[in-house]
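# What the coordinates show
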Amino acid sequence: KLDKFINNKIQILILIILIAFGFYLCSIGGYGSDEDTLPLIGAFESMMGGSKVMASRFTPYPVAEIGIGFLSYQLGSWAANFVTFVFIIIGCGFFYLALSKKYDLNDLILFLILCLSSPILFFDNIEPIDYSWAFVFLSLGIFCLKMKYFELAVIFFGISIGTRINFILFILFIILFFHYKNDLKTYRKFLIFICSFFIGGLFYLTIWYQHGFGIEWLTAVTPNNQGVMGLLARFTYKSLMSLTFLSSIFISLIFLYFLKKNNKNFFDKIENFKLIIGIIISNLILFFFIPAEMSYLQPFLISVYFLILKVFDKKIVYFLIFLNFFSWFIDLDFLKIKYKSQNKCDNIEAISAKFQFHFNEGRLFSYLNSRDKIKCWIKDDSIRSIKILNGKALKD
């Protein structure tokens, strides 16, 4: 009992340190290094101007555009960073609570540490970008399904769709495969999905109207010119590296060993196992067609970590956390990639790659070294541009 007490105290301390460190980086990180941040803010400013609404990307993301834009405009980068980081913590917490049949505080804390130790889930969510915004409403929707608050679930699912429209695929799997205490009839599930789709679609009504009720705005840049093999190569490499190379090898080995030693039907005993696998597979399918930023794989990462927590011994979870933290400082890579340009302001375009094990700088250092990258998208020396460079509020 004493060992368990000490262990719990250590876990709480680690979580507090992680969150405090995240808050610190939120306060000094500025508007970040993601090229989508300024378009998100610009979309909000276009709404304020009452003119034609500007989509932040090929497809708009209205909830994030309004939320991140408002916080940046009124308060500055620290507020947008802070809320984004808090959302990933809340999202992971409610995801655990929603999908766990039995849970306790210690397991929840360990799950949060596991998620926040991921370099993707931690560092990509201390910048003003929309991934955690969509995920937190998705998680709240699942939790409301569990509590039978179906009307609230529909609202949260709708807001999640209004944040990132591709989350509609996750919501479909969730509604179909969630383990309801009293199984819902098919028509009830259909109604929940249709209502969620309708509420989410309302956020896109303005852009739909501006395009004459056409759907050409439902587009994204896909690297189809690379062919299937090119897509497969990018997909495989980035999927592995999203977990970090060492962690992906470790996870693969422990799953293979577990399946060899146990009955394969064991997984069916895990509540909501089909739902978790559905999220993992659907996220990977989406990423295969657009293997761009690794942050697209955040639902996949969180689902994999949840499965690991529920299936394996805590010692395995601790070792995975160690490997994740190791990648903060030193990142082992198995491909030596040559890029068209070494200028960090140019588009990242790989022109060749060869198998070669080597070490890259850890994610913590690459994050710190990228704080001035926002200037790559500043085209003038106006007062607004100076405020962006300094992470200040953009209001007059």
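Our focus in this paragraph is the side chain of S327. Mapping S327 onto the fold places it in helix α16 (residues 314-329). A polar atom in the side chain of S327 sits 2.6 Å from the backbone oxygen of N324. What S327 contacts, discounting residues up to four positions off in sequence, is P119, T244, G362 and R363.

The next thing to look at is the environment of L202. The topology assignment puts L202 in helix α10 (residues 186-202). The spacing of L202 and L97 is 105 residues in sequence and 29 Å in space, taken between C-alpha atoms.

What follows covers the pattern of salt bridges. On inspection of all chains with the given rule, the structure shows six salt bridges. One salt bridge in this structure joins K314 and D107, with 3.5 Å as the shortest N-O distance. Here the residue K314 occupies a position in helix α16, and D107 occupies one in helix α5 (residues 105-117), the gap between them amounting to 207 residues. By relative accessible area, D107 is classed as buried at 17%.

This part is about helix α4 (residues 77-99). With 23 residues, α4 extends 33 Å from end C-alpha to end C-alpha; this agrees with the ideal 33 Å at 1.5 Å per step. With 17 of 23 residues buried, α4 is to be regarded as a mostly interior element.

In total, this model carries 38 aromatic pairs according to the counting rule given. Judged by centre distance (6.4 Å) and plane angle (25 degrees), the ring pair of F137 and F156 falls under stacked. With a gap of 19 residues between them, F137 in helix α7 (residues 131-146) and F156 in helix α8 (residues 150-163) connect regions that are remote in the sequence. The same class applies to F137 and to F156, which are both buried. Ring geometry for F258 against F312: centres 5.3 Å apart, planes inclined by 80 degrees, an arrangement best described as edge-to-face.

Taking 1.5 Å of rise per residue, 17 residues should cover 24 Å, and helix α13 (residues 245-261) covers 25 Å from first to last C-alpha, within 8% of that figure. All of the buried residues along α13 are F245, S247, S248, F250, I251, I254, F255 and F258. Each element contacted by the buried residues of α13 is listed here: α12 (227-242), α15 (298-311), α16, β1 (330-339) and β2 (350-361).

As a further point, take the packing of helix α9 (residues 167-177) against α10. Relative to each other, α9 and α10 sit at 160 degrees, their axes nearing to 9 Å. By the criterion of interaxial angle, the relationship of α9 to α10 is roughly antiparallel. The hand of the α9/α10 crossing is right-handed. Where α9 approaches α10, its residues I168, I171, L172, I175 and L176 are matched on the opposing element by K189, I192, F193 and F197. Within the contact of α9 with α10, the residues separate by chemical class into eight nonpolar, no polar and one charged.

The next subject is the state of the cysteines. This structure, assessed with the given rule, holds zero disulfides. C115 takes part in no disulfide bond, and the closest cysteine sulfur to it belongs to C92, at a distance of 3.8 Å. Among the residues examined, C115 registers a relative accessible area of 1% and is labelled buried. Not part of a disulfide, C144 finds its nearest cysteine sulfur in C195, a span of 15 Å.

Attention shifts here to the confidence of the model for the protein. Counting all residues, the mean pLDDT for the protein is 89, and 94% of those residues have values of 70 or more. Of all helices and strands in the protein, the one with the weakest mean pLDDT is helix α11 (residues 205-210) (84), whereas α4 scores best (97).

Further remarks concern the environment of S139. The residue S139 is located in helix α7 in this model. When its relative accessible area of 0% is taken as the criterion, S139 is described as buried. Ignoring any residue separated from it by four or fewer positions in sequence, one finds S139 in contact with G91, F94 and F95.

Let's shift gears to unusual backbone geometry. The backbone of K148 sits at a positive phi, close to 65 degrees, despite the residue not being glycine. For K148, the position within the fold is in the loop between α7 and α8. With a phi angle near 80 degrees, T244 is a residue other than glycine that sits in the positive phi range. Considering the arrangement of structural elements, one finds T244 in the loop between α12 and α13.

The rules behind these values
- Residues numbered from 1 in each chain as written.
- Predicted model: local features only at pLDDT ≥ 70, side-chain atom pairs only at ≥ 80, totals over all residues.
- Heavy atoms only, no water.
- Helix = DSSP H or I, 4+ residues; strand = E, 2+ residues; numbered from the N terminus.
- Polar contact = N/O pair within 3.5 Å; in protein donor to acceptor, adjacent residues only side chain to side chain.
- Contact = heavy atoms within 4.5 Å.
- Salt bridge = Lys/Arg side-chain N within 4 Å of Asp/Glu carboxyl O.
- Buried < 20%, exposed > 50% of the residue type's maximum accessible area, 1.4 Å probe, protein only.
- Expected span 1.5 Å × (residues − 1).
- Phe/Tyr/Trp six-rings, centres within 6.5 Å; stacked < 30°, edge-to-face > 60°.
- Axes fitted to C-alpha atoms, helices over the stretch in contact; angles between N-to-C directions.
- Parallel < 35°, antiparallel > 145°, perpendicular 65-115°, else oblique.
- Left-handed = near helix turned anticlockwise from the far one by under 90°.
- Nonpolar A, V, L, I, M, F, W, Y, C, P; charged D, E, K, R; others polar.
- Disulfide = S-S within 2.5 Å.
- pLDDT = per-residue confidence, 0-100.

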